[in-house]
Amino acid sequence: MGGQTNGIRMVCFAVIHLNPALWSRIFRFFSLHSVCSQAIMSSATSSVARVAYLASDIIVDSQPTLPSTSQFAKEYTSLSATSNRRPIILSVPLGGDPGSTLLRNGSTAGLISFTSSATAQTVIRLVLGAAELSSLPLVLHLAVRNDLSEVLLLHSAVPFFLVSRTPQQAHDNSLLASRLARTEKKAVVHAFYDVKNDSVEEISESEVQPFLLSEQLASTNGVNGHIGANIHNGVNGHNGANGHNGMNGHNGANGHNGMNGHNGANGHNGHATGVNGTNGVNGHSATTATPGSELFKLYERAALSTVVRIRRACPPLFVHASSKPHTVIFGLGNIPSVDIDGVSIVSLSLLTPLIPSRILDVIPPSASRVIVLEQLHRWNTKWTPLYLEIVDAINQRQVEQRPHIQSVCFSDPTQVIPLAILKILQAAPSSAPIQLGGANASSLPSLEVPHIPKHESSYTKILSHVFGERLEVSNSPSLVLKQGAIATSPEFALGRVRGQLDQRDELIRSVQKLLEVKEVSPELHKLCSQWVLVKDDDTKSRSVGQELIAAFESSKLSSPIINRILALRAHFPAPSRWIIGSDAWSYDLGASGLHHAIASGLNINILIIDTLPYTSRNFADPHRRKQDAGLYAMNHGDVYVASVAVYSSYAQVLQAVVEADRHKGPSVVLAYLPYHNEDTPALEVLKETKLAVDAGYWPLYRWDPAKEAQGKEPFALDSDAVKNDLQQFLDRQNHLSQLVRSKPELATELVSSLGENVKEARRKKAQQAYDDLVVSLDAPPLVVLYASDGGTAEKFAKRLANRGKARGLSTSIGTIDSMSIDTLSQEEYVAFVTSVAGQGEPPQNGRTLFKALNAAALRGEKPFSKLRYSVFALGDSHYWPRPEDAHYYNKPGKDLDARLEQLGGERFADIGLGDDQDADGPDTGYKVWEPLVWKTFGVDSIEVKEAEPDPITNEHIKAASGYLRGTIAEGLEDTSTGALDPSDTQLTKFHGIYQQDDRDIRDERQAQGVEPAYGFMIRVRTPGGVCTPEQWLQMDRIADEHGNGTFKITTRATFQFHGVIKRHLKPSIQGINKVLLDTLAACGDVNRNVICSAIPSLSRLHAQVYNFTKLVSAHLLPRTTAYHEIWLGKKMVAGEAVKDFEPLYGEFYLPRKFKIAVAVPPTNDVDVFANDLGFIAIVDEQGELAGFNVAIGGGMGVTHGNKKTYPRVADVIGFCTVEQGPIVAEKVVLTQRDNGNRADRKNARLKYTIDRMGLDAFKAEVENRLGYSLAPARPYTFNRNIDDFGWSTGDDGRHHVMLFIENGRIQDEPERDFKTGLREIAMIHKGTFRLTANQHIMISEISTEDVPEIKRILAKYKLDNLNHTGLRLSSSACVAFPTCGLAMAESERYLPVLIDKVEKICEENGLRNDSIVMRMTGCPNGCARPYVAEVAFVGKAPGSYSMLLGGGYYGQRLNKIYRETVSEPEILAILKPMIKRYALERLEDEHFGDFVIRAGYIAQTTSGKEWYDNMGGEGQYREVAAAA
């Protein structure tokens, strides 16, 4: 086999110079010696797309006309699911300029590929940029269909041009082109016929990159000779280490190569010497090597490498030879096989560079005629490029040896038949081009009316409704049949409109001229006068015009003027003229025709429909952004502009189109309609529109320049948010200041995102003034800049600044993002302090400058010649324990330090590294770094006994809040920002409110220069999780009217709303209060919502437990009246004469949050041991509630890498009666209040207090406060912590049904309109709803007669679907992205996706119905109680989680970290064998969490303090990095 392979290499080496007559021998050789590979059925497009995907670093894919989708894109999507390779894929819309995208990305890529159909528009844009594109490692894969007319425009514009006719040839040439472009850094055009499925032998994925990166093979070679160059084998020749190789001849590395003669570097059947020596063709005429020949050598090398790899010949010319042919046909295109005696067919695979010698090689002396047969529908010049090249080659022969050459074109392959060829041969030779088959219309591309996507009818129907018969779409698709495809272009439409307006002007002049004719009757004169007066009226111009036409036709007056008027009768009505286009016009305003329409001054309306969904906005090429056509048009000054969205404001769309029509001049209406394809549901379009409008991505506005002349404000903002570039335009036009004066309430909306910028500018100005005063000091000023998400880096930065001031330095402090490169370059001494966010990313308030520094470095700039700097970085060396992740430790600080040096800065002190794992945490490293700073300034010897101000903590905020008032009320009135003061956001938690922002668009908002898209989360307090149908309906309304249209059932069995903007907070809370619910103490450092078991079958017991739950909740409520004052408008009596007080909590409240749960065995559905305080119901022999076992000290929150924090399960300390329960709860709370750690919030929860004091000591303190000892705990048994789904009947005869709501999200989705269904149930239901701590819903207390109707509704909305795996039914996730500010990774949106994959593993092993408790959180705070799950994932960074195993099935035991950092592939790789082994080896009734401990995967956790012991797995399953 080895010998065969080497033999193949020899032939591959030789084929480049092979005489075409010997190709058949090579083909036979390959058929005998090729290595077998599996052939598959594939289309040419699929084969090309696959090679492009596997070979390229970047792919640019051109999109066709909607609703069609790119065939390449479909292949890329399919490949992404199966391939390990992940190239960057950028899409260019129809009408966009692909050249700019290729130029922008090509210089940084090893190989960039462009895939597209060969349309005229695409090719022309490539031709325009060809000069620059030709020097890029670029392959242009262009699919053609029976016409090379368009693609041949690139023939002379790029170095290499390949053509493929079959799918196999397309595959091979794709590889060849990729190799050629990558190794030679030159552009290659690969035009291939879009042929349907055929047999293709494909290269394996693993071979593609090695092939592209392999060393180049030498190209000095031959056949019939010896060959060196480390190619060692031959056919019928010798084989040696560096030996001789040939087919009956001699070939040396730089030696002689001949076919019937000697051939050197460039010799053909003649003599040649030297590398660039003479070139003889059948004689001694010699020419110096041309650039084409040099390019051909490059092609030879790449072709040789390709042949070696694929083991198939891929010659530049395929020859179907006849013995001593009299005619040679050079075929270019999809030419069928034709056998004619005496005719040789040469099919071209390489079109450029096609050097003359290769052409002459395939034209034997016997040939007297050459036909150039090309598949072209049209060509603008008489002769084609291929014809001219062949003529040029033939002219190098002696005159008497030159055959006659003729150009023949065809369009349809069926025209190429032997009879047609024979007719040409029989005819006398002619120099005129011939069209084979004549101009057959049936062969030309048929014109079809372009399809209008159904979603776009939303706008066209509005135009039809508003304007009726007046509407005229000047580029209507219906014009294509008469005018051709160009009829839909804006240039054509503009020309058409211009012609119509000219004709109407002529009509007006003719009517006015007729009024001067004396012979006109009074009646006709009157009608003419009336029409002139109403010619611009929408309706009267038509009606009067019709009367005038009738009068003309009935009049006996004969006049050339009347004849001309009647010829122009179509222009009597005043139409509403519209040009409708896509957002592709916005990519190149100058070239799209839009510019000409805007600048024309014509009375024309342009509707541009933008279909890019908001959630897909970042998937396109970030450098290739659409221009804002609205701002572009505004700058012309005379153009009406509107930005509308029919799914946001229908009324505003109507108003905009009416105003546009009335405007005398150009009008541009930008219409938003986000959808991916025609199957996109309207609900999805609505959601995308809402996101875009709410985020300010698509502001709704109208700009009417005509109002400015009237002294009115021309700009009207119709949405709450406005883009930053639009603000800049308004400011530049001085209209913003006018707006402030004329409409103050609107002005505040406009500048809402600028409030913080103004404050920052004022602060800087004041700081600058101060700095100027101290400029005379000897020591230079020190600027301290910090980036901090959690506040730690900010604390160190403030410490440094304060200590600098104490040493007499002029010190200023700010965030890193408060500086630009320009301002930073003017500073002398800057100290940077930064922490780490996510996976080695800079914190949020430092990212802008970080990006700017990286960009400046890429440009090679050095702006910091005068800057001296030092960096102190904070991180956690244990956060990423694996060796391959170690570089994430303190990465932002290290990167910043290196980048500043690269940009010309000079360190005044080496970087300092603060590590959370050090004995004193970051202080250890800080104490080493800070003295180096003072030494630089010469103040290190100054002894300062500074009394540093204590940092402002939550304890200070609570004490100074006036019992939770703070300045919340004032902040709600501040419309300059969507946020509240930071200190107030700590207080609003006590009111059930968290300030958040949409993290999905946070970076975009920052890039726009506007504040984050602030919104608030509202959490309702529903003790026991029970609500009435009336309360449910109110929650549903609040979600729609004030939230984001959805609401969530939380793990505290209550409602939670997201996306409530500041001005909707009061209405929301007032709406909640109307149905006797509230949000007080749903969050904050107080006792939060008290939860209890659902227990559907024990109705009487549930009623008792529920009443107890409400009693405990009410007993522990804060007593402050601030809640009612701020949210409900109930003022304090007599001003401040009556003071608030908190008898239970005091002014400091609790050190941290406090959670209580009430469980009813045997179901632990509330995870009672995960709570600070748990009550376990004990039932006596009569089935009555006797009391509760009391458990204390549970808690879930952890901080990654901080071993002082850990989860803990509660300890049972005794028994109390029902009556004693609330008092026991109070005393536990008071003991925690007085003994909890208020200095460190991370160690402030009750679990740490108990471990610090000791369980017995804490219990003794509680009993001392009670005045009696708790009774001994009574026996109980738990067997699960999941919900009991489906129908059940209580002991009172009423019915209950538990519904599965994945992760608690109540929303309408395609095929799952749960929100609508539950609303419909609430409208008829007479019982209650019970919310569970597992985030599900029970419809409770259904009477027997109502069961059928409830079942009908459940079935209608698929709410009764319980056909899920046990794994999915047992899962739970917190909210995480995009709203939770603490989230480090996805949770709610990702867990269902992960379960999709894990449950397949379960089903493969027969575990479909087995319950495995799996939970996920986006951060280590543990809202979904992951630390008691059998399998859990805790977010560390996007796509990265800690994996935990071994929790107790009913929540009785903590799990333990099995792997500190895993991604999805690692998760699946770990779980697959583990689950399989569980299925095979588990004991009877053994749960997964118990099995992984018994099987030795993980050690059992016996207490919270031992949680870190033996983490990382056991024995053979232990993670080496974790052990280290």
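Conventions adopted
- Residues numbered from 1 in each chain as written.
- Predicted model: local features only at pLDDT ≥ 70, side-chain atom pairs only at ≥ 80, totals over all residues.
- Heavy atoms only, no water.
- Buried < 20%, exposed > 50% of the residue type's maximum accessible area, 1.4 Å probe, protein only.
- Helix = DSSP H or I, 4+ residues; strand = E, 2+ residues; numbered from the N terminus.
- Pairing = 2+ DSSP bridges.
- Patch = residues over 30% accessible without salt bridge, like charges linked within 9 Å, V, L, I, M, F, W, Y side chains within 5 Å.
- Areas by Shrake-Rupley, 256 points an atom, 1.4 Å probe, with all protein chains shown as cover.
- Salt bridge = Lys/Arg side-chain N within 4 Å of Asp/Glu carboxyl O.
- Contact = heavy atoms within 4.5 Å.
- Axes fitted to C-alpha atoms, helices over the stretch in contact; angles between N-to-C directions.

Asks: An account of the pairing of strand β47 (residues 1414-1417) is needed here, citing residue identities and associated values.
Replies: Burial of the side chains of β47 extends over both faces: M1414 and M1416 are buried on one face and R1415 and T1417 on the other. Sheet topology note: the β47/strand β48 (residues 1431-1437) ladder contains 4 bridges and is parallel. In the sheet register, M1416 faces β48, and the bridge partner there is F1433.

Asks: Outline a nonpolar patch on the surface, supporting the account with residue identities and numerical values.
Replies: Residues I124, V127, L128 and L153 make up a contiguous nonpolar surface patch of about 360 Å² in total accessible area. With respect to the secondary-structure elements, I124 resides in helix α6 (residues 120-128).

Asks: Break down the sheet that holds strand β36 (residues 1173-1179) for me, citing the residues and quoting the values.
Replies: The 5 strands are arranged β34-β35-β36-β37-β38 in an open sheet whose pairing can be described as mixed. Two strands in the sheet have a free side with no partner beyond their single neighbour: β34 (1091-1092) and β38 (1211-1217). As defined by bridge partners, β34 adjoins strand β35 (residues 1156-1159) across 2 bridges and the pair is classed as parallel. Bridging from a neighbouring strand, I1091 pairs with A1157 of β35. Across the face of the sheet, helix α42 (residues 1221-1235) comes into contact with β35, β36, β37 (1185-1192) and β38 while running at roughly 160 degrees to β36.

Asks: Account for unusual backbone geometry, with residues named and values stated.
Replies: For the bond from P1161 to P1162, the omega torsion is 15 degrees, close enough to zero to count as cis. Its place among the elements puts P1162 in the loop between β35 and β36. A cis geometry characterises the amide bond from F1377 onward to P1378, with omega recorded as 5 degrees. Along the polypeptide, P1378 turns up in the loop between β46 (1371-1373) and α48 (1391-1404). Non-glycine residue Y963 carries a positive phi angle of around 60 degrees. In this fold, Y963 is placed in the loop between α34 (954-959) and α35 (968-973). A relative accessible area of 22% places Y963 in the partly exposed class. Even without being glycine, A1053 reaches a positive phi, approximately 55 degrees.

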